[in-house]
Amino acid sequence: MNTQAFFDSKGHIFALCLFAAIGPLVMMTTPVLAYQLATEWQFAPSQVGTFFFYEQIFMGVAALPAIYWAKRYSPQKVMKVFILLFILGNFLSLFANSLTTLVLARSSAAFAAGSIMIVTMASCSMTSKPARTFALWLLGQTIFGALAILVLPHLFAQFGLKAFFVLLIILMLIATPFYKQFSNEVPQAPQQTEQHANHPSSLSIIWSIIGVASVLSFFMSISSIWTFLTSIGLNSNIPEASINGYLSFATLFGILGCFVATFIGHRVSRIVVVIIGFILFFISLLLMLGTIAASTFMTSIVVFKFAWMFTFPFILASLAMMDHTGSIMKYVSLMIAIGMGVGPGISGQIIEQTASFNTLIMYAMAMFVISLVLVTLLNGKFRKHQNSGQANSLAH
């Protein structure tokens, strides 16, 4: 029987952070991969977009079969299957010679990556301090992504795009022995207390929907702005080279945001931290309104990236309050994929219809408001339940 000490062990936390850093590396290195596809493979912008669209879709679709296997197989067994599938998918990618064959080859690798991410997110939920663990989980992805962005251009110059797929295979082979650090037992929901028995399952479903909806609106806003940051800067006559430099600089503040979230952990009320994070988002978006100076634009990007990496772990921890087995995380993974996929499409339509980035920014603010309200409701509800549960325990 796995104890809380097992889930909080350094080995377990290291393993989930390691696999979470490798799985989504395609999406974390989008700028350099997009450029390589355009130059080496002569892909048009629409083809590059298609590649990343399907990569995200296959990662998101992994949530659907997870509804079945999450209740029947241990994380260890699941990881063995998806590690093998991830390596196989990247191996097949080496032989792709067109967009169609590349997407087909990537489908298995992306599906496996999405499944691995679900296991790691569920494992984060099982720790006693999920906010801190989710911050470490995100930190690993950010650092791996930043390092890959620095290294890949040199590898591409020597070996081409295939070097990336070889790199993914090597990283996963290095990580493979650590799958044994995951639980070898099927996650079991805790027995219902008298307090929880008074609340029907339909009410739990409603709160679960509120939770995943907060993630969906969050990422619809994130992706809407992040996708068009370069366009927003160019609209203010800021040179593209400067914008790219600001984006690279902002990555450092993303890492800083993860570090700060890791340090804060459970030291400060979660809802207070979430509100601070959303206030930073609103400040960032307000700075982007109208025609702005380069220094203002750089500040807005830095604040935006910091707020993103600082706030998201606490949103995930808010959802972890509802279900300590982490079963809700498969739906969270699906919402992230939908948000990242749908957000740019909606924002593109807004820009075309209004010919204004200000309208896009106001839309992003509205989506952030929705997310903030939902997360606030969630924290208020389940904090109240936890407090009453503690009071009942003391009474007995």
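No experiment lies behind these values; they were computed from the predicted model shown. (Residues numbered from 1 in each chain as written. Predicted model: local features only at pLDDT ≥ 70, side-chain atom pairs only at ≥ 80, totals over all residues. Heavy atoms only, no water.)

A. Focus on the overall build of the chain. In terms of regular secondary structure, the chain is built from 18 helices and zero strands. Radius of gyration (C-alpha) of the chain: 21 Å, near the 21 Å computed for a compact globule of 396 residues. For the chain, the spread of C-alpha atoms along the three principal axes comes to 65 × 45 × 35 Å. The buried share among the 396 residues of the chain stands at 52%. Taking as baseline every contact in the chain between residues at least 6 positions apart, the subset at least 24 positions apart corresponds to 86%. Surface exposure of the chain reaches about 17,700 Å², of which carbon and sulfur atoms provide 68%. (Helix = DSSP H or I, 4+ residues; strand = E, 2+ residues; numbered from the N terminus. Rg over C-alpha atoms; globule rule 2.2 N^0.38 Å. Buried < 20%, exposed > 50% of the residue type's maximum accessible area, 1.4 Å probe, protein only. Contact = heavy atoms within 4.5 Å. Areas by Shrake-Rupley, 256 points an atom, 1.4 Å probe, with all protein chains shown as cover.)

B. Representation of the state of the cysteines within the structure. What the rule picks out here adds up to zero disulfides. Left without a disulfide partner, Cys124 is nearest to the cysteine sulfur of Cys17, which lies 6.1 Å away. The thiol of Cys258 is unpaired, and the distance to the nearest cysteine sulfur, on Cys17, comes to 10 Å. (Disulfide = S-S within 2.5 Å.)

C. Local environment of the side chain of Ser318. Counting through the fold element by element, Ser318 comes out in helix H16 (residues 294–320). Within polar-contact distance, the side chain of Ser318 engages the backbone oxygen of Phe314 at 2.8 Å. Within the local environment of Ser318, its side chain forms a polar contact with the side chain of Asn379, the two groups lying 2.9 Å apart. Excluding its chain neighbours within four sequence positions, the residues that come into contact with Ser318 are Arg270, Val375, Leu378 and Asn379. (Polar contact = N/O pair within 3.5 Å; in protein donor to acceptor, adjacent residues only side chain to side chain.)

D. Region of interest: the pattern of salt bridges. Scanning the model with the defined rule gives one salt bridge in all. Notably, a salt bridge pairs Glu55 with Arg106, separated by 3.1 Å at the nearest N-O pair. With Glu55 in helix H5 (residues 45–61) and Arg106 in helix H8 (residues 99–125), this pair connects stretches of sequence that are 51 residues apart. Classification of Arg106 as buried rests on a relative accessible area of 3%. (Salt bridge = Lys/Arg side-chain N within 4 Å of Asp/Glu carboxyl O.)

E. Up close: the packing of helix H9 (residues 130–159) against helix H14 (residues 240–264). The N-to-C vectors of H9 and H14 enclose an angle of 160 degrees; their axes lie 8 Å apart at closest approach. Classified by the angle between their axes, H9 and H14 sit roughly antiparallel to one another. The handedness of the crossing between H9 and H14 comes out as left-handed. Taken together, the residues of H14 that come into contact with H9 (itself represented by Arg132, Ala135, Leu136, Leu138, Leu139, Thr142, Ile143 and Ala146) are Thr251, Gly254, Ile255, Cys258, Phe259, Ala261 and Thr262. Taken together, the residues of the contact of H9 with H14 sort by class into ten nonpolar, four polar and one charged. (Axes fitted to C-alpha atoms, helices over the stretch in contact; angles between N-to-C directions. Parallel < 35°, antiparallel > 145°, perpendicular 65-115°, else oblique. Left-handed = near helix turned anticlockwise from the far one by under 90°. Nonpolar A, V, L, I, M, F, W, Y, C, P; charged D, E, K, R; others polar.)

F. Broad picture of helix H2 (residues 10–22). Over its 13 residues, H2 runs 18 Å from end to end, which matches the ideal 18 Å to within 8%, given 1.5 Å per residue. Extensive coverage of H2 is indicated by the burial of ten of its 13 residues. Taken residue by residue, H2 has His12, Ile13, Ala15, Leu16, Cys17, Leu18, Phe19, Ala20, Ala21 and Ile22 as its buried positions. In this structure, the buried residues of H2 make contact with helix H1 (4–7), helix H3 (25–28), helix H7 (75–93), H8, H9 and helix H10 (162–175). (Expected span 1.5 Å × (residues − 1).)

G. Here's a closer look at the environment of Ile361. Examined against the element boundaries, Ile361 turns out to sit in helix H18 (residues 357–395). Given the relative accessible area of 0%, Ile361 is considered buried. With near-sequence residues (within four places) excluded, Ile361 lies in contact with Ile225, Leu285, Met288 and Leu289.

H. Broad picture of a nonpolar patch on the surface. A contiguous nonpolar patch, built from Phe53, Tyr54, Ile57, Val61, Leu64, Ile67 and Tyr331 and spanning about 560 Å² of accessible area, is present on the exposed surface. Counting residues per element, the ones that place at least two in the nonpolar patch are H5 and helix H6 (63–69). Ranked by the residues each element gives to the nonpolar patch, the list is headed by H5, at four residues. The class for Ile57 is partly exposed, based on a relative accessible area of 33%. (Patch = residues over 30% accessible without salt bridge, like charges linked within 9 Å, V, L, I, M, F, W, Y side chains within 5 Å.)

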